[in-house]
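Listed below, chain by chain, are the residues.
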Amino acid sequence: MTTLPERPHTALLVIDVQKGVVADAHQRDTIVAGIGTLVDKAREEGIPVVWVQHSDDGLVKGSEAWEYVPELTRRATEPLVHKNFGDSFEGTELEDVLAGAGVGHLVVTGAETDACIRSTIHGAFTRGYDVTLVADAHTANDNSEWGAPPPDQVIAHTNLYWQWQSAPGRTAAVAKTKDVAFS
C-alpha cells in the first residue's frame, strides 16, 4: 500500500529508548520488555531493526543519560541513526538507511509518545511510508505539571487517533506487541 512501491520490506524502528529519556517513563519496564520482544521477533524473521538515538543540550551525546537502556542491545550490523530533532527523518540519514533496505513500512516503538514518536510517525506518513504504531511499545513521561494529560492518556490518545489516519496509497495502523506481523 505504501506510496514507495519499489520498497516492499518492513523495518522495526526503535526510537530513543535511552536511559535519560525513559528513566521515569510510564510503565518503563513493561514497555522496554515489549520492545525487546519485538526486536527478538524481528531478528528471527530477518526484519531490519533500526535504532534511533537523540541528543540535544539536555541529552548530551556520550553521556550516561544518552546511552540506550541496558535491556536493549543493538547488534553492530543494525543501523544506528543519530538525531537532534523530534522527527527521526529530519537532518538524519534515516531515509537513506530505509531506502537501502527497500523499506516502505515502519513498525514504530520507543519514546516519547508526545514528542519523538508522534513527530516520526507523522514524518514517515507524509514521506509515503505505511506506519504501524505498536500500542503497548511506546511510552511518555509525566508532563502534567506543564499542562499535558497524564502519560497513560497521552499514550491512549495517540493510539486512538493514529488508527484513523489516512492518506492516498498509505496505511496507518495500531497493533499490540503480540499482534505485530512483520510480513
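Everything below is about the structure shown above.
My aim in this report is to walk through the structure given alongside it, one point at a time.

About the thresholds
Along each chain, numbering runs from 1 in the same order as the chain's sequence is written. Local features in a predicted model are, by the rule used here, given only for residues with pLDDT of at least 70; side-chain atom pairs are given and counted only at 80 or more, and totals for whole chains, interfaces and linings are based on all residues. The basis for every side-chain value is the complete set of heavy atoms in the structure, and neither hydrogens nor water enter the calculation. Helix and strand definitions here come from DSSP, where helices need a minimum of 4 consecutive H or I residues and strands a minimum of 2 consecutive E residues; each element is numbered from the N-terminal end. Helix span, as expected, comes to 1.5 Å for every residue beyond the first. Buried, partly exposed and exposed residues are distinguished by accessible area as a fraction of the type maximum, computed with a 1.4 Å probe on protein chains only: under 20%, between the cut-offs, and over 50%, respectively. Contact definition: two residues touch when any of their heavy atoms are within 4.5 Å. At least two bridges found by DSSP between two strands are what make those strands a pair. Each axis is a line fitted through C-alpha atoms, taken for helices only over the stretch in contact, and angles between the N-to-C directions span 0 to 180 degrees. By definition, a salt bridge exists where a carboxyl oxygen of Asp or Glu is found within 4 Å of a side-chain nitrogen of Lys or Arg. When the centres of two rings from Phe, Tyr and Trp lie within 6.5 Å, Trp using its six-membered ring, the rings pair. Their planes under 30 degrees apart give stacked, over 60 give edge-to-face, and anything left gives tilted. Counting as a charge over the ring demands two things of the Lys NZ or Arg CZ atom: a distance within 6 Å of the ring centre and an angle within 35 degrees of the ring normal.

For the rest of this paragraph, the subject is helix α5 (residues 151-162). Along its 12 residues, α5 runs 16 Å from first to last C-alpha, staying within 8% of the 16 Å computed at 1.5 Å per residue. By the burial criterion, the buried members of α5 are Pro151, Val154, Ile155, Thr158, Asn159, Tyr161 and Trp162. Here the buried face of α5 lies against α4 (113-126), β5 (130-139) and β7 (170-175).

Here we take up α4. Quick reminder: α-helices carry 3.6 residues per turn. Residues three or four places apart thus point the same way. If you check α4, its first and last C-alpha atoms are 18 Å apart, about what 14 residues at 1.5 Å a residue would give, namely 20 Å. Within α4, the full set of buried residues consists of Thr113, Cys116, Ile117, Thr120, Ile121, Gly123, Ala124 and Phe125. The first or second residue beyond α4 is Gly128, which carries a positive phi of 105°.

With that settled, consider the sheet that holds β5. Strand order in this open sheet of 7 strands is β3-β2-β1-β4-β5-β7-β6, and the pairing throughout is mixed. Every interior strand has two partners, whereas the edge strands, β3 (80-83) and β6 (166-167), have only one. As judged from the 2 bridges shared by β6 and β7, these two strands associate in the antiparallel manner. Along β7, the bridge assignment pairs Ala167 with Arg170. Contacts from helix α2 (residues 28-44) reach β1 (9-15), β2 (49-54), β4 (103-111) and β5, with the element oriented near 140° to β5. Of the strands in this sheet, β5 and β7 are in contact with α5, which crosses β5 at around 160°.

Attention shifts here to the pattern of salt bridges. Enumeration over the complete set of coordinates arrives at 10 salt bridges. Close ionic contact of Glu95 with Arg7 constitutes a salt bridge, the shortest N to O distance being 2.4 Å. A residue pair is termed long-range when its members are at least 10 positions apart, and Glu95 in helix α3 (residues 94-100) and Arg7 in the segment before β1 qualify at 88 residues. By relative accessible area, Glu95 is classed as partly exposed at 28%. For Arg127, the salt bridge goes to Glu90, with nearest N and O atoms at 2.9 Å. Here Arg127 is found in the loop between α4 and β5, whereas its partner Glu90 is found in the loop between β3 and α3, with 37 residues between them in sequence.

This part covers the packing of aromatic side chains. One pass over the structure, following the stated rule, counts 4 aromatic pairs. Between Trp51 and Tyr68 the ring centres are 5.2 Å apart and the planes differ by 85°, which places this aromatic pair in the edge-to-face class. Placement of the pair is Trp51 in strand β2 and Tyr68 in the loop between β2 and β3, with a sequence separation of 17 residues. Owing to a relative accessible area of 1%, Trp51 belongs among the buried residues under this scheme. Owing to a relative accessible area of 14%, Tyr68 belongs among the buried residues under this scheme. Ring centres of Tyr161 and Trp162 lie 6.4 Å apart, and the angle between their planes is 75°; this geometry places the pair in the edge-to-face category. You can call Tyr161 buried: its relative accessible area is 17%. A connected cluster of aromatic rings, assembled from ring pairs, spans Phe125, Tyr161 and Trp162. The ring of Phe125 has Arg170 lying over it, and the distance from NZ or CZ to the ring centre is 5.5 Å.

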